[in-house]
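# Commentary on secondary and tertiary structure
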Amino acid sequence: MIGALIRSVCVAFMLSPAAKADCPPDGHNHAAFYDDDAVFTSAIANAPGGWDVRPTGITVPHHLLAPDLIADGIGRAKGYAYDRIVLLFPDHFRVLDTPFGTIRAGFDTILGPVLSDQSVAAFAGDPDVSDTCALADDHGLRALLPFVADALPDVPVLPVAISIRTGQTDWEALAKNLAPLISDRTLVLQSTDFSHYLPHHEARLRDQETLNVLAAGDLNALASLRQPDHIDSTGAMYVQMVLQDKVFGAAPVILANRNSQSYSVEPVAETTSYVVAAFTSASGPVPGPLRAERLIIGGDTFFGRAIAKELPDDLARARLTKSVREATKGLPLVLNLEGVLLPDVPDTLPHLTLGMPAELATDMLAEFGTMTVSLANNHSEDLGLSGLRETQDTLNRAGITSLRSGDRFLRPGLALTAFSDFQEGAAAALDDDDLDAVLISDPTRASVAFLHWGREFKTQPGPREQQLVTKLQERGASVVIGAHPHQASTGLELRGGGETLVLYSLGNFFFDQPAPIASGALAELSVFPQGTVFVRQHAVANLFDVVRGVE
């Protein structure tokens with residue numbers, strides 16, 4: 001019964017002509033739009049609720065086919081104090097003859113009233129803003145208001161409608177005009193659905209491109225997304241991203257990415273995609289429930305030489321474990337393990353032949369929460385194939401899987417393929433046949449490449465790395481992540497307008513190289529059941545300095 005009601009409401013919203021809402025008498029609210037609270041109360045009751053950080057912005061769908069996602073997103077703000085909500089939504093029925101619009105009166109909803117913010121009058125005075133009640137029945141606004149009334153009662157709302165005919169210059173102007181109205185007690189609530197009218201296999205590809213653009217924070221690429229192939233209000237997403245960056249220094253955490261196909265057992269020719277995002281300036285992985293599987297990828301890792309002399313100290317080991325757990329928030333790890341695991345490491349090993357005490361290394365990997373390690377690097381065969389086999393056997397006994405170049409690590413929604421572009425010290429080892437290992441036939445998995453490549457202490461890709469990215473992009477890799485340079489690169493690069501996201505170098509995770517010689521970063525992957533992935537980059541302390549107690 002609930003499912004049928006949701007579908008009927010959703011279809012009615014998608015097919016009905018624009019409603020010409022009358023303005024209420026002065027001092028009165030617009031009447032409630034819905035007369036049955038079942039869709040809303042059920043979704044609210046089943047939402048995970050709460051978040052460990054206070055969101056400054058939230059992005060949710062407005063199709064009531066997905067009320068659980070709306071409740072989840074808006075529910076993340078529940079319990080936090082706000083003075084104002086700026087609600088960005090698309091002008092679905094094209095009632096505006098100006099770039100933007102607003103509504104002066106408040107709203108009654110099936111779950112309580114939503115107040116009008118006092119700033120509406122000043123905002124409506126802008127010549128680019130229409131003050132019109134014709135927007136009052138737009139589902140981009142109305143579908144969210146009952147959830148707002150429940151989660152944030154008594155917080156006034158400034159509705160901001162964005163015309164589909166606007167462009168990047170208009171969005172920049174709107175963000176500039178809204179910025180003075182936004183304080184640290186303002187929530188920017190964005191009502192946006194994503195890919196429209198495509199079969200799921202195509203919508204999934206558009207979703208991945210959009211997620212990559214959001215991860216990179218590239219506003220020009222965002223402005224170039226196709227409407228509605230990627231998103232139904234590029235303007236709302238653009239203004240949200242600008243305000244979050246300029247006012248709060250915040251970036252998105254993607255909580256969910258789903259397609260309307262998941263609500264039907266029958267194939268759907270024209271689907272709609274949904275994204276739930278919460279914005280925060282908090283660094284590192286954010287604790288709390290996400291509708292995704294999460295993992296962390298770290299860079300070059302080594303437990304020998306000077307490290308092996310430091311870690312028997314209990315205090316040093318405790319400092320290391322505490323720092324790692326704070327950086328990863330306990331999420332499972334994938335690391336690039338450099339060197340050979342040995343029962344006893346000879347003192348006579350040459351400096352660049354990397355040997356590690358097997359027991360120490362496996363104990364620490366387990367303490368870190370390591371799921372798998374890549375041995376696709378230029379040190380895994382430092383003691384030949386027999387040393388490599390000894391390393392693999394030791395890891396297997398410890399319950400840690402290992403990957404050689406071309407091997408694939410599978411998780412729900414994810415296929416991660418390891419590669420090394422080195423062979424016996426020589427660069428450019430990978431050929432086209434090798435790179436074909438990144439190809440996947442399972443549309444429910446995102447393809448991620450984890451490469452050992454590049455030049456030591458160089459944080460920018462050279463021609464060889466650029467060539468490899470192009471070849472991996474051609475083979476459908478959604479994300480390319482690199483290691484080896486011992487220095488972390490900053491920022492995420494887009495290729496193909498969002499087809500592929502590149503994090504050139506993670507630098508070191510744990511290596512016997514102090515700062516500032518070496519640095520490190522983590523890649524947090526949120527993997528969604530439909531086979532899309534969102535990447536956040538986090539800095540990590542120099543863990544060698546942490547072990548030695550160096551501030």
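Here, every reference points to the structure presented above.
Here goes a summary of the coordinates provided. Everything numeric in this text was worked out from a predicted model, so none of it was measured. All residue numbers refer to position in the chain's written sequence, counted from 1. With the structure being a predicted model, the display of local features is reserved for residues of pLDDT at least 70 and the display and counting of side-chain atom pairs for 80 or more, all residues being used for whole-chain, interface and lining totals. Excluding hydrogens and water, the side-chain values take into account all heavy atoms of the structure.

When you tally the buried positions in strand β22 (residues 446–452), you get 7 out of 7 residues, the bulk of the element. For two strands to be treated as a pair, DSSP must find no fewer than two bridges joining them. A run of H or I in DSSP becomes a helix once it reaches four residues, and a run of E becomes a strand once it reaches two; helices and strands are each numbered from the N terminus. Bridge count for strand β19 (residues 414–420) against β22 is 7 bridges, and the pairing is parallel. Bridge pairing in β22 links Leu-414 to Ala-446. Of the strand pairs in this sheet, β22 and strand β23 (residues 479–483) are connected by 5 bridges, and their pairing is parallel. Residue pairing in the sheet places His-452 in a bridge with Ala-483 of β23. Note on handedness: a crossover is taken as right-handed if, strands pointing away from the viewer, the path from the first strand over the helix to the second is clockwise. Since β22 and β23 lie parallel, the crossover through helix α16 (residues 463–474) that links them has a hand, and here it is right-handed. Using a 1.4 Å probe on the protein chains alone, a residue whose accessible area is under 20% of its type maximum counts as buried, one over 50% counts as exposed, and one in between counts as partly exposed.

Let's shift gears to the state of the cysteines. Each disulfide consists of one covalent bond between the sulfur atoms belonging to two cysteines. Note on terminology: pairs of cysteine sulfur atoms within 2.5 Å are recorded as disulfides. Evaluated as defined, the whole model comprises 1 disulfide. Paired through a disulfide, Cys-23 and Cys-133 show a sulfur-sulfur distance of 1.9 Å. Taking the sign of the S-S torsion, about 115° here, the bridge from Cys-23 to Cys-133 comes out right-handed. On the criterion of sequence distance, the pair formed by Cys-23 in the loop between α1 (2–15) and α2 (38–46) and Cys-133 in the loop between β6 (129–131) and α5 (139–142) is long-range, its members being 110 residues apart.

A separate point is the packing of α2 against helix α3 (residues 67–75). Packing of α2 against α3 leaves a shortest axis separation of 8 Å and a crossing angle of 55°. What the angle tells us is that α2 and α3 run oblique. Judged by the twist between their axes, the crossing of α2 over α3 is right-handed. Contacts between α2 and α3 pair Val-39, Ala-43 and Ile-44 from the former with Pro-67, Asp-68 and Ala-71 from the latter. Three classes are used: nonpolar for Ala, Val, Leu, Ile, Met, Phe, Trp, Tyr, Cys and Pro, charged for Asp, Glu, Lys and Arg, and polar for all others, with Gly counted as polar. Residues of the contact of α2 with α3, tallied by class, amount to 5 nonpolar, no polar and 1 charged. Axis lines are fitted to C-alpha atoms, over the contacting stretch for helices. Their N-to-C directions set the angle, which ranges from 0 to 180 degrees. Angular relationships are summarised with four words: roughly parallel below 35 degrees, roughly antiparallel beyond 145, roughly perpendicular across 65 to 115, and oblique for the angles in between. Crossing handedness is defined as follows: a turn of the near helix away from the far one that is anticlockwise and smaller than a right angle gives a left-handed crossing, while the clockwise case is right-handed. Note on contacts: a residue pair is in contact if any heavy atoms of the two residues lie within 4.5 Å.

Below, the discussion takes up the nonpolar core. The criterion is simple. A nonpolar core is a set of buried Ala, Val, Leu, Ile, Met, Phe, Trp, Tyr and Cys residues joined through side-chain atoms within 4.5 Å. Of all hydrophobic cores here, the largest spans 65 residues; its most connected members are Leu-178, Val-239, Ile-297, Ile-481 and Leu-525. By residue number, the principal contributor to this core is helix α10 (residues 234–248), which donates 8 residues. When sequence neighbours within four positions are dropped, the list of residues in contact with Leu-178 reads Val-86, Leu-88, Phe-123, Leu-158, Val-160, Val-239 and Leu-243. One finds Ala-21, Ile-58, Val-253 and Ala-278 within the second-largest nonpolar core, a separate group that totals 50 residues.

That bond from Gln-227 to Pro-228 is cis: its omega, 15°, falls within 30 degrees of zero. In this fold, Pro-228 is placed in the loop between α9 (219–223) and α10. Each neighbour pair has its own omega, and for Ala-515 with Pro-516 the value is 5°, a cis peptide bond. Among the secondary structure elements, Pro-516 is positioned in the loop between β26 (508–510) and β27 (520–528). Residue Arg-305 is not a glycine yet carries a positive backbone phi of 50°. Along the polypeptide, Arg-305 turns up in the loop between β12 (293–301) and α11 (306–310).

The next thing to look at is the environment of Ala-366. The topology assignment puts Ala-366 in helix α13 (residues 358–368). For the pair Ala-366 and Gly-399, spaced 33 residues apart in the sequence, the C-alpha separation amounts to 8.7 Å. Residues contacting Ala-366, with those up to four places away along its chain left out, are Arg-325 and Ile-400.

Mapped onto the secondary structure, Thr-500 falls in strand β25 (residues 500–503). Residue classification places Thr-500 among the buried residues on the basis of a relative accessible area of 0%. Of the polar contacts made by the side chain of Thr-500, one reaches the backbone oxygen of Ala-477; its length is 2.8 Å. If we ignore the near neighbours within four places in the chain, the residues touching Thr-500 are Asn-212, Gln-473, Ala-477, Ser-478, Val-480, Glu-493, Leu-494 and Arg-495. Here a polar contact means two N or O atoms within 3.5 Å. Within protein one must be a hydrogen donor candidate and the other an acceptor candidate, and residues neighboring in sequence count only if both atoms are side-chain atoms.

The next subject is the pairing of strand β7 (residues 157–162). For β7, the tally of buried residues reaches 6 of 6 residues, placing the bulk of the element in the interior. Along β7, one buried face is formed by Val-157, Pro-159 and Ala-161 and the opposite face, lined by Leu-158, Val-160 and Ile-162, is buried too. Bridge count for strand β2 (residues 84–90) against β7 is 6 bridges, and the pairing is parallel. In the sheet register, Pro-90 faces β7, and the bridge partner there is Ile-162. Pairing analysis gives 2 bridges linking strand β3 (residues 100–102) to β7, with the strands arranged antiparallel. Along β7, the bridge assignment pairs Gly-101 with Ala-161.

Right, let's talk about helix α14 (residues 384–397) for a bit. In a helix, the anticipated span is given by 1.5 Å times the number of residues less one. Between its first and last C-alpha atoms α14 spans 20 Å; for 14 residues at 1.5 Å apiece the expected length is 20 Å, and the two agree. For α14, the set of buried residues is Gly-387, Leu-388, Thr-391, Gln-392, Thr-394 and Leu-395. In an axial view of α14, the angular spread of the buried residues amounts to 165°, which keeps them on one side of the axis. Residue Gly-399 follows α14 closely and has a positive phi angle near 80°. Starting at the helix axis, one direction is taken to each C-beta atom, and the arc is that of these directions.

On to the pattern of salt bridges, then. When a carboxyl oxygen of Asp or Glu is within 4 Å of a side-chain nitrogen of Lys or Arg, the pair counts as a salt bridge. Enumeration according to the criterion identifies 24 salt bridges in this entry. Measuring nitrogen to oxygen at the nearest pair gives 3.2 Å for the salt bridge that ties Arg-445 to Asp-442. On the basis of relative accessibility, which here comes to 22%, the residue Arg-445 falls in the partly exposed class. A salt bridge links Arg-548 to Asp-545, with the nearest nitrogen and oxygen atoms 2.5 Å apart. What makes Arg-548 partly exposed here is its relative accessible area of 34%. We classify Asp-545 as buried; its relative accessible area is 9%. Each of Asp-68, Asp-72, Arg-76, Arg-258 and Arg-291 takes part in salt bridges that share partners, so that together they form one network.

Okay, helix α7 (residues 168–178) next. Among all positions in α7, only Trp-171, Leu-174, Ala-175 and Leu-178 are buried. Projected onto a plane normal to the axis of α7, the buried residues spread over an arc of 100° and lie on a single side. Along α7, exposed side chains directed more than 90 degrees from the buried face belong to Thr-169 and Lys-176. Next to the buried residues of α7 lie β2, β3, α4 (120–124), β7, α9 and α10.

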